[in-house]
Amino acid sequence: NRYVILINTDFSDQIKHPANTSKTLAAKAIIYSWGPNGKSDDGANELYGGDQGTDDVTSWD
């Protein structure tokens, strides 16, 4: 399925969490896949506050 790559371009090594923009991830780049359901859940999955229908596969979990 599709995947999304977010790259830090301001050299702060911080990227806003796609599913919760009030949080940041310490990274130069992150990647997430739309998961088995083929729909974008903005990086949310059951491990990170999502419900049973959110199944994105993330590089930071």
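Everything below is about the structure shown above.
Just so it is clear, the structure is predicted and the values come from calculations on it, not from any experiment.

Side note on unusual backbone geometry
- Within the chain, Phe11 stands out as a residue other than glycine whose phi angle is a positive 60°.
- Considering the arrangement of structural elements, one finds Phe11 in the loop between β1 (3–7) and β2 (14–16).
- With a phi close to 55°, Asp13 is a non-glycine residue in the positive phi region.
- With respect to the secondary-structure elements, Asp13 resides in the loop between β1 and β2.

Section: the pairing of strand β4 (residues 29–33)
- Of the two faces of β4, only one is covered, namely that formed by Ile30 and Tyr32; the face formed by Ala29, Ile31 and Ser33 stays uncovered.
- Of the strand pairs in this sheet, β1 and β4 are connected by five bridges, and their pairing is antiparallel. Looking at the pairing, Ile5 lines up with Ile31 of β4.
- Looking at chain direction, β4 and strand β5 (residues 57–58) are connected through two bridges and run antiparallel. Paired with Tyr32 across the two strands is Thr58, which belongs to β5.

Re the sheet that holds β1
- Taken in spatial order, the three strands make up an open sheet running β1-β4-β5, and their pairing is antiparallel. Single-partner strands in this sheet number two, and they are β1 and β5.

Here's the deal with the environment of Trp60
- Residue placement: Trp60 occurs in the segment after β5.
- Residue classification places Trp60 among the partly exposed residues on the basis of a relative accessible area of 21%.
- Separated by 35 residues in sequence, Trp60 and Leu25 place their C-alpha atoms 8.0 Å apart.
- Residues contacting Trp60, with those up to four places away along its chain left out, are His17, Pro18, Leu25, Ile30, Ile31, Tyr32 and Gly43.
- Within the structure, Trp60 has its side chain in polar contact with the side chain of His17 (distance 3.2 Å).

So, a nonpolar patch on the surface
- A surface patch of nonpolar side chains, about 430 Å² in accessible area, is lined by Tyr3, Ile5, Ile7 and Ile31.
- Mapped onto the secondary structure, Ile5 falls in strand β1.

Cut-off values and rules
Residues numbered from 1 in each chain as written. Predicted model: local features only at pLDDT ≥ 70, side-chain atom pairs only at ≥ 80, totals over all residues. Heavy atoms only, no water. Helix = DSSP H or I, 4+ residues; strand = E, 2+ residues; numbered from the N terminus. Buried < 20%, exposed > 50% of the residue type's maximum accessible area, 1.4 Å probe, protein only. Pairing = 2+ DSSP bridges. Contact = heavy atoms within 4.5 Å. Polar contact = N/O pair within 3.5 Å; in protein donor to acceptor, adjacent residues only side chain to side chain. Patch = residues over 30% accessible without salt bridge, like charges linked within 9 Å, V, L, I, M, F, W, Y side chains within 5 Å. Areas by Shrake-Rupley, 256 points an atom, 1.4 Å probe, with all protein chains shown as cover. Salt bridge = Lys/Arg side-chain N within 4 Å of Asp/Glu carboxyl O.

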